Amino acid sequence: MFLQKNLILTRTEPGGQGGYQFLYKIGQYGVSLGSKPQEEIQQIHWEADVIRYTSETPLQYEVCHTTELASKTLRFLNDSTLNEFLEKAFNYFNELEALEKMLPGE
Amino acid sequence: MSNAVAKPKDWVPKGDLQKEISAEKMLLELPRELLFITGSEAAREAIKRANIDCAISYPITPQSETMQQAGYLYDEGYIKEYYRAEEEIGVMSATAGASRAGVRALTATSGPGLMRGMEAISSWPGARVTPVLLDMCRVINTPLAIQPDNIEISFLLNTGMIMLHAENQQDFFDYTLAACEVTEHVDVTLPAMVSVDGFFVTHARGPVSIPSDEYKLNRRDGWRSAVPAMDNENPPARISRDAPIQKSNFISYHMHASWQQEVFAALERSGKYFEKLLKGRIEIINPEAEDFIICSGSAVSQAREAVRQEGENGRVVGLVKVKTLRPFPTTSIVNALKNAKRILIPEFNQAGWMHKEVCSVLYGKCKANIVDGPRVFGGMTMPTEMVIEWLAKARKDFP
């Protein structure tokens, strides 16, 4: 089973393709995780994007391919490799948030 | 010559190690574990716990994986009898035969397979047999496709069978187990179909919380039934339920009418059991809303997200999810929608059967403007924004 901590929203894939989208959030950053239907069960995989939230209400985000974590949409074939990435991402976001707090306020 | 490898002499069917419990305990009381599995896998987990005596299969996309999984369950000893029939008329006839003999029978099909088996299926309720049919909906009309489309449901609405429509993988698990027990209550004794939108649910993973597989439903007692099970050791020369009916005379017309009235009365009686096991036959979100969406199946998931997004923007939209299509939860729907001003009915089919159903039950009981859509079919997708656009248009058209 994939990690449930920091998960703020579980919803159907909004584009209507079937499957689910899961949104994680730590500070302003997070991960969008998707799993869509495939013709063969072994083809089902995770797609993960690092995202940056632009608004909390309504919940809006933009895909962020400029962090050290990922420069593109990542694919994971099983929960254990996905969870490794999520743990790494959570630590990264926590550090990022701590660093951003050290910056002088505008 | 069969290539099947014989089981060792000390082999114990895994089903024999399971403890029998009621559906109420299985669905409402046991602790659950959260998994992320496909709809087909959710069906397998339900079948594993359903104490199925006989499962009969015939492959068709997108159902095939489920009955393939049932084959594995047979090999492990969770299902007592399993075979692949010659085609769907054979499947549906044999499934009825198994049920008529007093055992718990299950099969599954999709779209064109359902249509092929239709003659046999439509005889099930009147025969008062109790099989459970899992239906993974797909396109049946030309141009043919294997994509999601649930027009096939409309063909069975007036057969007299119990019909449930699952929104997602979780529902497919829960509804299947509920159906296996409710069909067999003495005051019901009817078949059930549990439908789900193919691919969107069957071939996608979703969160499903399930109880331990140490448990299975209580076995069917074939003699505890509105009509007696057939003794296959001493089969009648002719099945006594149909002989007088098939004569064309005054008595036969009356018999047919009263028999069918009883079938549909039994269907209504099944409602109270689903009310309990499914925690209501409808789900309502934002009951105070003026704008409502009412739907079933995977359209509910799209509507659910539309309701959430509208809420973020300060607009309260209500949602009514219909769980049991038959018996149709008429009173609950009328009560839920009596103060609505605008009602949207999103559907994944060309026919708009849910629109017709809702219009017929609300006629004269609700002043809302009922919008016939949005509707997609043939495998088209229904993005959340489409539902939101239709809501905006409804507000503009019916201020």
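First things first, this report covers the structure right here in the doc. (Residues numbered from 1 in each chain as written. Chains lettered and ligands numbered in written order. Predicted model: local features only at pLDDT ≥ 70, side-chain atom pairs only at ≥ 80, totals over all residues. Heavy atoms only, no water.)

1. Considerations on the overall build of chain A
Working step 1: Within chain A, the secondary structure is distributed over 1 helix and 6 strands.
Working step 2: Along its sequence from the N terminus, chain A presents helices and strands in the succession β-β-β-β-β-β-α.
Working step 3: For 106 residues, the compact-globule formula gives about 13 Å, and the C-alpha radius of gyration of chain A, at 14 Å, lands near that figure.
Working step 4: In terms of its C-alpha atoms, chain A occupies a principal-axis envelope of roughly 50 × 30 × 25 Å.
Working step 5: Split into buried and exposed, the 106 residues of chain A put 49% on the buried side.
Working step 6: A sequence separation of at least 24 residues applies to 40% of the contacts in chain A between residues at least 6 apart.
Working step 7: About 5900 Å² of surface is accessible on chain A, with carbon and sulfur atoms providing 47% of the total.
Working step 8: Here chain A holds 9 positive side-chain charges and 15 negative ones, and the gap between their average locations is 1 Å. (Helix = DSSP H or I, 4+ residues; strand = E, 2+ residues; numbered from the N terminus. Rg over C-alpha atoms; globule rule 2.2 N^0.38 Å. Buried < 20%, exposed > 50% of the residue type's maximum accessible area, 1.4 Å probe, protein only. Contact = heavy atoms within 4.5 Å. Areas by Shrake-Rupley, 256 points an atom, 1.4 Å probe, with all protein chains shown as cover. Lys, Arg positive; Asp, Glu negative; His and termini not counted. Charge placed at Lys NZ, Arg CZ, Asp CG, Glu CD.)

2. Quick word on the overall build of chain B
Working step 1: Secondary structure assignment for chain B yields 14 helices and 16 strands.
Working step 2: For chain B, the C-alpha radius of gyration of 21 Å lies close to 21 Å, the compact-globule estimate for 399 residues.
Working step 3: In terms of overall dimensions, chain B has a C-alpha envelope of 70 × 55 × 45 Å along the principal axes.
Working step 4: Expressed as a percentage of the 399 residues in chain B, the buried residues total 57%.
Working step 5: Put simply, 81% of the contacts in chain B that link residues at least 6 apart link residues at least 24 apart.
Working step 6: Summed over its atoms, the accessible surface of chain B is roughly 16600 Å², and 53% of this surface lies on carbon and sulfur atoms.
Working step 7: Within chain B, one finds 45 positive and 49 negative side-chain charges whose respective centroids are separated by 3 Å.

3. Brief notes about the side chain of Asp291(B)
All names here are of chain B.
Working step 1: Topologically, Asp 291 is positioned in strand β12 (residues 291-295).
Working step 2: By relative accessible area, which is 6% here, Asp 291 ends up buried.
Working step 3: Among the polar contacts made by the side chain of Asp 291, one reaches the side chain of Arg 342 at a distance of 2.5 Å.
Working step 4: At 2.8 Å, the side chain of Asp 291 forms a polar contact with the side chain of Arg 395.
Working step 5: In this structure Asp 291 touches Val 316, Val 317, Gly 318, Arg 342, Leu 391 and Arg 395, once residues within four positions along its chain are discounted. (Polar contact = N/O pair within 3.5 Å; in protein donor to acceptor, adjacent residues only side chain to side chain.)

4. Observations regarding the interface of chain A and chain B
Working step 1: The partner chain B presents 26 residues to the 28 residues of chain A that form the contact.
Working step 2: Note on chain A versus chain B: buried area summed over both sides is about 2100 Å², and carbon and sulfur give 59% of it.
Working step 3: Across the contact surface, chain A and chain B share 1 salt bridge.
Working step 4: Across the pair Arg11(A) and Glu305(B) runs a salt bridge, and its minimum N-O distance is 2.5 Å.
Working step 5: Inspection of the region where chain A meets chain B yields 5 residue pairs in polar contact (both at pLDDT 80 or more).
Working step 6: Counting only elements with at least two residues in the side of chain A that touches chain B, the list comes to β1 (7-12) and β2 (20-26) of chain A.
Working step 7: The biggest single contributor to the side of chain A that touches chain B is β1(A), with 3 residues. (Buried area = accessible area lost by both parts, 1.4 Å probe. Salt bridge = Lys/Arg side-chain N within 4 Å of Asp/Glu carboxyl O.)

5. Details of a nonpolar patch on the surface
Working step 1: A contiguous nonpolar patch, built from Phe250(B), Ile251(B) and Tyr253(B) and spanning about 400 Å² of accessible area, is present on the exposed surface.
Working step 2: Its location among the elements puts Phe250(B) in helix α9 (residues 250-269). (Patch = residues over 30% accessible without salt bridge, like charges linked within 9 Å, V, L, I, M, F, W, Y side chains within 5 Å.)

6. Things to note about the nonpolar core
All names here are of chain B.
Working step 1: Counting residues in each nonpolar core, the largest one holds 68 residues, and the members touching the most others are Leu 134, Ile 162 and Ile 293.
Working step 2: Per-element tally for this core: the top contributor is helix α8 (residues 169-182), with 8 residues.
Working step 3: What Ile 293 contacts, discounting residues up to four positions off in sequence, is Ala 303, Val 307, Val 317, Gly 318, Leu 319, Val 320, Leu 344, Pro 346, Val 387 and Leu 391.
Working step 4: Met 92, Ala 105, Leu 133 and Leu 362 belong to the second largest nonpolar core, which has 45 residues in total. (Core = buried A, V, L, I, M, F, W, Y, C linked by side-chain atoms within 4.5 Å.)

7. A short note on the sheet that holds strand β5 (residues 105-109) of chain B
All names here are of chain B.
Working step 1: Read from one edge to the other, the open sheet built from 7 strands follows the order β4-β3-β5-β6-β8-β7-β14, with strand pairing classed as mixed. Looking along the sheet, the strands with just one partner apiece sit at the ends: β4 (81-84) and β14 (324-326). Averaged over all pairs of adjacent strands, the angle between strand axes in this sheet comes to 20°, irrespective of strand direction.
Working step 2: Against the sheet, helix α3 (residues 64-76) makes contact with β3 (54-57), β4, β5 and β6 (132-137), and its axis sits at roughly 140° relative to β4, the strand it touches most. (Pairing = 2+ DSSP bridges. Axes fitted to C-alpha atoms, helices over the stretch in contact; angles between N-to-C directions.)

8. Thoughts on the packing of helix α2 (residues 39-48) of chain B against α3(B)
Residues and elements named next belong to chain B.
Working step 1: One way to put it is that α2 packs onto α3 with a least axis distance of 9 Å and a crossing angle of 35°. Note that α2 runs across α3; the crossing there is right-handed. When α2 is examined against α3, the residues Ser 40, Ala 43, Arg 44, Ile 47 and Lys 48 are found in contact with a partner set consisting of Glu 65, Thr 66, Gln 69, Ala 70 and Leu 73.
Working step 2: In the contact of α2 with α3, the residues fall into 4 nonpolar, 3 polar and 3 charged. (Left-handed = near helix turned anticlockwise from the far one by under 90°. Nonpolar A, V, L, I, M, F, W, Y, C, P; charged D, E, K, R; others polar.)

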